[in-house]
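# Working through the structure, step by step
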Amino acid sequence: MSVVTYHLKDAIGVITIDNPPVNAMSHAVRSGLVDALDTAAEDDSQALLIICKGRTFIAGADISEFGKPPKSPTLRDMLDMLDSHPKLTVAAIHGTALGGGFETALCCNYRCALDTAKVGLPEVKLGLLPGAGGTQRTPRLAGAADAITLITQGNPMPAEQALTSGLIDQVVQGDLLAGAVDYVHRLIAEDAPRRRARDLPFSLSDEDREAIASARKSLAKKTRGEHAPQRILDCIEAAATLDFNSGLARERELFDACMTDPQSAAMRHMFFAERQAAKIQGMDPSVAPRDIGSVGIIGAGTMGGGIAMCFAQAGIPVTLLDMNSDAVTAGLDRIRKNYAISVKRGRFSEEQVNAIMANIEGSSDYADLAETDLVIEAVFENLAVKQDVFRSLDSVCKADAILASNTSYQSIDDIAAVTSRPQSVLGTHFFSPANVMKLLEVVRGAQTDDEIIATAMAVGKKIGKVPVLAGMCYGFIGNRMLRSYGREAQLCLIEGATPAQIDGAMERWGMAMGPIAVGDLAGLDIGYKAREQLTPEQKGKPASYIVADRLVEMGRLGQKSGAGYYQYDPETRARIEDPSVIELAAQCAAELGIKQRSITDEEIVDRLTLALANEGARILEEGIAQRASDIDVVYCFGYGFPRHRGGPMWTIEARGLDNAVQRMKALGNSLDADNWQVAPLLQQLAESGESLKDWQ
Ligand code: 3HC
């Protein structure tokens with residue numbers, strides 16, 4: 001069946017696109033549109049309406065076609081036809097009109113949309129810019145300020161706002177086709193001109209110029225290292241300074257530069273990786289997730305409170321439980337304070353916060369959890385304490401309740417073992433701050449039922465997280481890899497790099513925060529205590545953490561004690577390099593018989609990223625992660641790994657597995673031979689020329 005159909009309705013030529021799931025602008029859709037435009041040009045229709053079936057208007061170009069040779073008609077060919085079509089053209093939008101989909105709508109003379117619809121140009125999230133006129137038409141219709149926000153941030157804009165900003169012309173309620181046909185008839189009756197965005201004037205006021213300059217600065221900071229955001233601003237400037245066709249040509253040039261940029265390949269990989277992560281390999285498709293109508297959280301601390309916020313915001317009632325009413329009150333107060341900040345920043349209104357808070361009930365009585373569907377424990381990171389909580393839960397919770405632990409390191413099996421229902425126990429590992437960070441590791445215990453896993457993945461998505469399935473091992477996916485990464489950072493420090501150099505190298509490369517600064521932020525005592533619990537085998541080379549251990553023993557616990565690897569400005573919390581720490585590292589090196597040397601930024605980045613990927617490959621081979629791209633999702637959504645580098649596994653694949661293995665072997669000849677045992681999977685793939693991406 002054709003994905004594009006054409007019929008006449010009351011003298012209006014209706015072009016209907018039906019290309020599930022999201023009406024992406026595939027080659028078949030473009031061809032169908034060209035045929036329909038040809039037909040409509042010749043028939044008796046007075047006007048043309050473009051509308052879509054299914055859940056949404058066109059959600060953009062078909063991303064799966066990117067990187068392949070272009071096939072005619074291209075999106076631009078089709079849009080040239082639409083833009084110069086002899087009939088009046090109108091787009092009828094529902095769901096989300098995104099990217100090339102919204103650009104198609106922008107090529108129509110008028111746009112109407114359901115009140116629930118959204119429009120947007122999210123290309124920047126794929127390392128791209130709107131390449132079919134979006135950067136030239138949007139500022140002409142909406143002005144520079146809205147264009148900058150819409151295109152550089154990539155977030156969709158609700159219909160009402162789009163109406164105010166001039167991006168759409170009419171909001172419709174109820175039946176879209178009926179409302180749109182009425183609207184087209186009105187336009188015909190009014191003899192509305194065939195208005196084209198390309199013909200509208202656009203110039204930059206002084207205020208606009210300032211807005212562009214300030215966006216350049218803030219984006220350089222916020223999207224550090226990404227090329228697309230700055231190129232988008234170049235395009236918006238071109239829209240004001242060049243005639244329309246020259247502006248389009250400039251947009252094309254910069255779009256092509258983005259398309260061949262490895263950053264976009266990495267971000268497109270992340271787009272599909274995120275969606276892939278939701279799929280559970282080998283699970284019987286008949287397994288359906290359960291509905292979760294209520295949630296209990298044990299532990300009203302920062303973590304428990306953050307988790308409670310996620311569920312309450314999704315409209316799921318939460319019972320937040322702690323040992324006594326003081327702890328519960330303190331927890332609820334902390335949540336209220338968080339929301340007060342959000343209201344100040346305009347993220348929520350007072351009314352929204354009141355509605356969210358109404359979903360959170362405090363309690364210090366386990367009996368209140370008797371009928372709760374899902375309980376998540378978020379207490380102190382200690383096995384015995386957690387086991388006590390699970391014993392209590394097992395005795396009060398209904399038989400089909402799901403019991404989850406937010407542990408970062410403890411064995412889910414040891415926790416499940418104290419209950420009478422190990423099949424209903426799993427790990428749900430949130431990341432701090434839990435109300436902000438998108439990653440959720442869903443940890444499968446040896447006995448966890450598929451239905452429980454499917455439910456946790458589904459509810460994770462419902463509360464806005466990106467769930468990734470992990471198997472059981474110390475640290476699961478993310479924290480296990482973090483140990484190799486952190487250890488390598490420590491070794492660089494002992495060998496002669498300074499904290500500021502290590503953090504600077506990683507941050508310039510794209511990490512949200514360097515590893516040394518992360519240590520200070522998390523608190524150096526946390527790692528210290530965790531190391532105390534490790535077996536000698538888990539600990540690896542004990543000398544690796546010598547500087548960190550000494551700092552803790554000196555009372556330098558990181559930001560919370562005012563100093564760790566760095567000193568901190570008490571007002572701004574800015575890092576201040578501390579010569580005494582550099583001296584301490586030199587002293588530790590001397591004690592270990594290590595001769596300090598100058599280390600390049602390139603070596604730091606190489607060592608840290610290879611250490612991550614090497615451990616990632618082991619995790620993959622052991623079946624702890626389902627696929628290499630899941631590991632990339634964990635790192636990009638949970639650990640500040642730059643999306644435009646595509647995650648640690650994508651990064652190592654992009655540099656070439658053979659090259660990576662050779663480099664690791666060379667590193668193994670230096671000081672740190674033990675840490676550079678190449679993962680057998682990497683060795684095998686490098687030899688066979690196969691890809692990590694395809695390895696299952
Ligand atoms: N191309 C190809 N496949 C797409 C796609 C696209 N543009 N958008 C979504 N899909 C696929 C997804 O991969 C997923 O496939 P799967 O079921 O096999 O995993 C399926 O459609 C459903 O997608 P979601 O799971 O994301 O569904 P949601 O309902 O949660 O979200 C959406 C729908 C808001 C449309 C979301 O999919 C989305 O944001 N899509 C991307 C939109 C986008 O980036 N468009 C711009 C493309 S670039 C462009 O247009 C260039 C132009 O300027 C020249």
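As the structure is a prediction and not an experimental result, all values here were calculated from the model.

This part takes up the overall build of the chain. Looking only at helices and strands, one finds 29 helices and 19 strands in the chain. Relative to a compact globule of 696 residues, whose C-alpha radius of gyration would be 26 Å, the chain shows 28 Å and is just as compact. When burial is assessed residue by residue, the chain has 49% of its 696 residues classed as buried. Contacts in the chain between residues far apart in sequence, at least 24 positions, make up 73% of those at least 6 positions apart.

Now for the site of the ligand. Around the ligand lies a shell of 26 residues, among which A59, G60, A61, G99 and G100 are the nearest. The set of elements that each furnish at least two residues to the shell around the ligand consists of β5 (96–98), α3 (100–107) and α11 (262–277).

With that out of the way, let us pick up the domain arrangement of the chain. Assigned domains within the chain: domain 1 (4–259), domain 2 (295–475) and domain 3 (479–623 + 626–695). Summarising the inter-unit geometry, the C-alpha centres of domain 1 and domain 3 are found 44 Å apart.

Turning our attention to the UniProt feature "domain: 3-hydroxyacyl-CoA dehydrogenase NAD binding" (unreviewed entry) in the chain. According to UniProt, the positions carrying the feature "domain: 3-hydroxyacyl-CoA dehydrogenase NAD binding" (unreviewed entry) are residues 295–470. Secondary structure across residues 295–470 comprises 41% helix and 20% strand; the distance between its end C-alpha atoms is 22 Å.

Turning our eyes to something else, we now look at the packing of helix α18 (residues 478–495) against helix α24 (residues 579–592). α24 packs onto α18 with a crossing angle of 90° between their chain directions and a minimal axis gap of 7 Å. Relative to α24, α18 is oriented roughly perpendicular. The residues of α24 that touch α18, namely those facing L493, I494 and E495, are A585, C588, A589 and L592. Of the residues in the contact of α18 with α24, the class split is 6 nonpolar, no polar and 1 charged.

On average, residues of the chain score 95 in pLDDT, and 99% of them reach the 70 mark or higher. Across the assembled chains, the prediction reports ipTM 0.98 with pTM 0.94.

What follows is about the pairing of strand β1 (residues 4–9). When β1 meets strand β2 (residues 12–17), the two strands line up antiparallel, connected through 6 bridges. Along β2, the bridge assignment pairs K9 with I12. Where β1 hands over to β2, the hairpin turn is made up of 2 residues, of which D10 adopts a positive phi near 50°.

For the rest of this paragraph, the subject is the nonpolar core. Inside soluble globular proteins, nonpolar side chains tend to come together where they are buried. Grouped together as the largest cluster of nonpolar side chains are 214 residues, with contacts concentrated most on L49 and V90. Counting residues per element, this core draws most heavily on helix α25 (residues 601–621), which supplies 9 residues. Setting aside anything within four residues of it in sequence, one finds L49 in contact with I12, V14, I15, V90, A92, A180, V181 and V184.

By the secondary structure assignment, E207 is in helix α8 (residues 206–222). Taking the C-alpha atoms as reference, E207 lies 9.0 Å from A145; in sequence the two are 62 residues apart.

On to the packing of α25 against helix α29 (residues 680–688), then. Contact geometry for α25 and α29: axes closest at 7 Å, N-to-C directions at 95°. Here α25 is positioned roughly perpendicular relative to α29, judged by the angle of their axes. In contact with N614, A617, L620 and E621 of α25, α29 contributes P680, L681 and L682. Its residues placed into classes, the contact of α25 with α29 shows 5 nonpolar, 1 polar and 1 charged.

Looking now at unusual backbone geometry. Cis geometry marks the peptide bond from P20 to P21; its omega dihedral reads 0°. Along the polypeptide, P21 turns up in the loop between β2 and α1 (27–42). In the segment running from S432 into P433, the intervening peptide bond is cis, with an omega of -5°. Looking at where P433 falls in the secondary structure, it is placed in the loop between β15 (425–430) and β16 (439–443). Phi at N23 is positive, roughly 55°, even though this residue is not glycine. Positive phi, close to 60°, is recorded for R573, a residue that is not glycine. Topologically, R573 is positioned in the loop between β18 (566–568) and β19 (575–577). Using a count of 10 C-beta atoms within 10 Å as the deciding quantity, one classes R573 as exposed.

A few words now on α8. Helix length check: α8 (17 residues) gives 24 Å between terminal C-alpha atoms against 24 Å at 1.5 Å per residue, within 8%. Residues D208, A211, I212, A215 and L219 constitute the buried set of α8. Buried residues along α8 cover an arc of 100° about the axis, so they all sit on one side. Opposite the buried face of α8, at more than 90 degrees from it, the exposed residues are D206, E210, A213, S214, K217, S218 and K221. Elements in contact with the buried residues of α8: α5 (144–153) and α9 (228–241).

This part covers the sheet that holds strand β3 (residues 47–52). Adjacent strands of a sheet form backbone hydrogen bonds with each other and so pair up, either parallel or antiparallel. Read from one edge to the other, the open sheet built from 6 strands follows the order β1-β2-β3-β4-β6-β9, with strand pairing classed as mixed. Looking at the sheet topology across the chains shown, the edges are occupied by β1 and β9 (170–172). The sheet shows a mean angle of 25° between the axes of neighbouring strands, direction not considered. Strand direction decides the pairing type here: strand β4 (residues 88–93) and strand β6 (residues 110–114), joined by 4 bridges, are parallel. Considered in β6, the bridge of V90 is made with Y110.

So, about the environment of E690. Secondary-structure assignment places E690 in the segment after α29. Assessed through the 13 C-beta atoms surrounding it within 10 Å, E690 is described here as partly exposed. The spatial distance from the C-alpha of E690 to the C-alpha of L521 is 39 Å, given a sequence separation of 169 residues. With residues up to four places along the chain from it excluded, the contact list for E690 reads L685 and W695.

Attention now moves to the sheet that holds strand β10 (residues 295–298). Within the open sheet, the 8 strands sit side by side as β12-β11-β10-β13-β14-β15-β16-β17. Their pairing is mixed. Of all strands in the sheet, those bounded by a partner on one side alone are β12 (360–363) and β17 (466–470). Taken pair by pair, the neighbouring strands of this sheet meet at an average axis angle of 25°, ignoring direction. The pairing of strand β14 (residues 402–405) with β15 spans 3 bridges and is parallel. Among the inter-strand pairings, A404 is bridged to a residue of β15, identified as L426. The strands touched by helix α15 (residues 383–396) within the sheet are β10, β13 (374–377) and β14, with β13 carrying the most contacts at an inclination of about 160°.

Glancing now at the environment of G301. If you trace the backbone, G301 turns up in the loop between β10 and α12 (302–313). For G301, a count of 16 C-beta atoms within 10 Å gives the class partly exposed. Expressed as a C-alpha distance, the spacing of G301 and L321, which sit 20 residues apart in the sequence, is 9.9 Å. Sequence-distant contacts of G301, defined by excluding residues within four places in its chain, comprise G331 and A378.

Rules and cut-offs
- Residues numbered from 1 in each chain as written.
- Predicted model: local features only at pLDDT ≥ 70, side-chain atom pairs only at ≥ 80, totals over all residues.
- Helix = DSSP H or I, 4+ residues; strand = E, 2+ residues; numbered from the N terminus.
- Rg over C-alpha atoms; globule rule 2.2 N^0.38 Å.
- Buried ≥ 20, exposed ≤ 12 C-beta atoms within 10 Å, placed from the backbone.
- Contact = placed C-beta atoms within 7 Å.
- Near = placed C-beta within 6 Å.
- Domains from an automatic or database assignment.
- UniProt positions renumbered as here; feature names shortened; annotations may be inferred.
- Axes fitted to C-alpha atoms, helices over the stretch in contact; angles between N-to-C directions.
- Parallel < 35°, antiparallel > 145°, perpendicular 65-115°, else oblique.
- Nonpolar A, V, L, I, M, F, W, Y, C, P; charged D, E, K, R; others polar.
- pLDDT = per-residue confidence, 0-100.
- Pairing = 2+ DSSP bridges.
- Core = buried A, V, L, I, M, F, W, Y, C linked by C-beta atoms within 7 Å.
- Expected span 1.5 Å × (residues − 1).
- Arc of directions from axis to C-beta.

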